[in-house]
Amino acid sequence: MSVLKPDSKTRISLYYAIALFLGLNIPFADSQQLQTDGVSEHVYGGLPSSNNLSIRSAYVLDYNSARKAPWWVAYRLDNNYRRTPKRTGKWKTYRNDPDRTDEPSENDYSGVYSDPIRNYARGHLAPYMICGGDRDGDGMILDADRDGKVEEGDDIDEAITVKEINYHTNLTPQHHNAFNGSGGTWYQIENRVRVLQEEHGEVWVLAGPIFGPSTYDEIGNGVQVAPMFFQIIVWEKLDEPHWEAYMLPHHQKAHQSIEEHRVSIRHIEAMTGLDFFPDLALSEKERISTY
DNA sequence: CTGGGATGC
DNA sequence: GCATCCCAG
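These numbers come from a predicted model, not from an experiment.

Undergrad: Please explain the layout of surface pockets as it appears in this structure.
TA: Over the atoms a probe the size of a water molecule is rolled, and this reveals where empty space is left. The space that makes up the largest pocket amounts to roughly 460 Å³. Lining of the largest pocket is provided by 18 residues; of these, R87, Y94, R122, H124 and N180 occupy positions nearest its centre. Looking at the lining of the largest pocket, the elements with two or more residues in it are strand 4 (120–124), helix 4 (176–180) and helix 5 (185–200). Tallied by class, the residues present in the lining of the largest pocket amount to 11 nonpolar, three polar and four charged.

Undergrad: Explain the pairing of strand 10 (residues 240–249) to me, please; I cannot follow it from the model alone.
TA: Where a strand is regular, its side chains alternate between the two sheet faces. Burial analysis of strand 10 places eight of its 10 residues in the buried class, the great majority of the element. If you look at the hairpin formed by strand 9 (residues 228–237) and strand 10, you'll find two residues sitting between the two strands, and L238 has a positive phi there, around 55°. Bridge count for strand 10 against strand 11 (residues 262–263) is two bridges, and the pairing is antiparallel. Following the sheet pairing, A245 is matched in strand 11 by V263.

Undergrad: I tried to follow the protein's contact with DNA strand C on my own but got confused; where do I start?
TA: The local shell around DNA strand C holds 17 residues, among which R87, K92, Y94, H124 and N180 are the closest. Taking all atoms of DNA strand C within 4 Å of the protein, the share assigned to sugar and phosphate is 88%. Between DNA strand C and H124 there is a distance of 2.8 Å, counted from a phosphate oxygen to a backbone nitrogen or oxygen. Of all the secondary-structure elements, those providing two or more residues to the surface near DNA strand C are strand 4, helix 4 and helix 5. Considering each element in turn, the surface near DNA strand C owes the most residues, four residues, to strand 4.

Undergrad: Explanation requested: the packing of aromatic side chains in the structure shown.
TA: What characterises a pair of aromatic rings is the spacing of the ring centres plus the angle enclosed by the ring planes. Scanning all chains against the criterion turns up seven aromatic pairs. Ring geometry for F230 versus F276: centroids 5.6 Å apart, planes at 70°, classification edge-to-face. Taken together, the residues F230 in strand 9 and F276 in the loop between helix 6 (265–272) and helix 7 (282–285) connect sequence positions 46 residues apart. Each member of the pair F230 and F276 is classed as buried.

Undergrad: So what exactly am I meant to see when it comes to the sheet that holds strand 2 (residues 60–64) here?
TA: Across a sheet, strands are paired by hydrogen bonds formed along the backbone, either parallel or antiparallel in direction. Pairing in this open sheet of seven strands is antiparallel, and the strands run 1-2-3-6-9-10-11 from one edge to the other. Edge positions in the open sheet fall to strand 1 (53–55) and strand 11, since each of these has one partner strand only. Those strands touched by helix 5 are strand 3 (69–77), strand 6 (203–210), strand 9 and strand 10, and its axis lies near 5° from that of strand 9. In the packing of helix 6 onto the sheet, the strands contacted are strand 3, strand 6, strand 9, strand 10 and strand 11, and the crossing angle to strand 10 comes to about 50°.

Undergrad: Could you clarify how one ought to interpret the side chain of T169 in this entry?
TA: With respect to the helices, strands and loops of the structure, T169 is situated in the loop between helix 3 (159–165) and strand 5 (171–175). Apart from residues lying up to four places away in sequence, T169 is in contact with R56, L61, Y63, P70, D97, R100 and E103.

Undergrad: Can you walk me through the pattern of salt bridges in this structure?
TA: Side chains bearing opposite charge may pair, as long as their charged atoms lie close to each other. Taken as a whole, this structure holds 10 salt bridges when the rule is applied. Ionic pairing is found between R82 and E198, a salt bridge with its closest N-O pair at 3.0 Å. Pair noted here: R82 is in the loop between strand 3 and strand 4 and E198 is in helix 5, with a separation of 116 residues, a long-range link. For E244, the salt bridge identified is with R192, shortest N-O distance 2.7 Å. Of this pair, E244 sits in strand 10 while R192 sits in helix 5; the two residues are 52 residues apart in sequence, bridging distant segments of the chain.

Scoring rules and cut-offs
- Residues numbered from 1 in each chain as written.
- Chains lettered and ligands numbered in written order.
- Predicted model: local features only at pLDDT ≥ 70, side-chain atom pairs only at ≥ 80, totals over all residues.
- Heavy atoms only, no water.
- 1 Å grid on protein atoms, 1.4 Å probe; cavity = no way out; pocket = protein on both sides within 12 Å on 5 of 7 lines; lining within 4 Å.
- Points joined across faces, edges and corners; volume = space filled by probe spheres on them.
- Helix = DSSP H or I, 4+ residues; strand = E, 2+ residues; numbered from the N terminus.
- Nonpolar A, V, L, I, M, F, W, Y, C, P; charged D, E, K, R; others polar.
- Buried < 20%, exposed > 50% of the residue type's maximum accessible area, 1.4 Å probe, protein only.
- Pairing = 2+ DSSP bridges.
- Near = heavy atom within 4 Å.
- Polar contact = N/O pair within 3.5 Å; in protein donor to acceptor, adjacent residues only side chain to side chain.
- Phe/Tyr/Trp six-rings, centres within 6.5 Å; stacked < 30°, edge-to-face > 60°.
- Contact = heavy atoms within 4.5 Å.
- Axes fitted to C-alpha atoms, helices over the stretch in contact; angles between N-to-C directions.
- Salt bridge = Lys/Arg side-chain N within 4 Å of Asp/Glu carboxyl O.

Shown next as structure tokens:
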């Protein structure tokens, strides 16, 4: 990744047009439109790819139909969005994505958790803990401190944010006890996201699977299991972007220190074919080769 | 809806 | 004890 491509300006305009088009079709029940478009809200430095974009209230993803998994998921996180309703009742229910017909389903996950070798749980790529806050700017949120029921003073408009976080398009099979659950490397990265957000106020995260040219494991009706995952956490300090990038082996002994899995962003580009931060200036872009 | 497993503060 | 990631019945 040495130079910006000559056509990058044209490409950015195209992305923006797509984003605007999709953004205008976000199904916010009775709510106001978001004040900012979803791409600039959630994706730092430009889209890594744009095959089948879904622009949601709390995140943006590009869906890979062939593997039934996202290419990547992006979200911005601040204190506001951390005010998440308690994950109970209808707020914890996994849902079909109304905009897709080729996503993983409930049945695809049948039996794979109890299988001691697989032990796959539905791992959120954009995690549940980011789906809170006052997104429509009306001064109300879904209350995080009570019991999950909608009560007087709660903002039911924000329910869509929670529903979307639980769409099957945002979930991939992940080893539960070894990887996704507490102590696993994925869980530790999510803790790192929390720490960096508290330290810097806001962070941007890119997360996704890493597939090779072949397949690793498959569940249900063609839902491919990723052999590795990546996460990139970005924050700004004195208007300069900083980041930590991780490449995580997805296996049954995934409890190592996350520090062992630090890589450059260029490593992740090489393994995924994605182009991270295409809008950043060349001087910033060059830094992705190092960390 | 209430039960559980696992880890880490 | 608290929290978080999940699951089963």
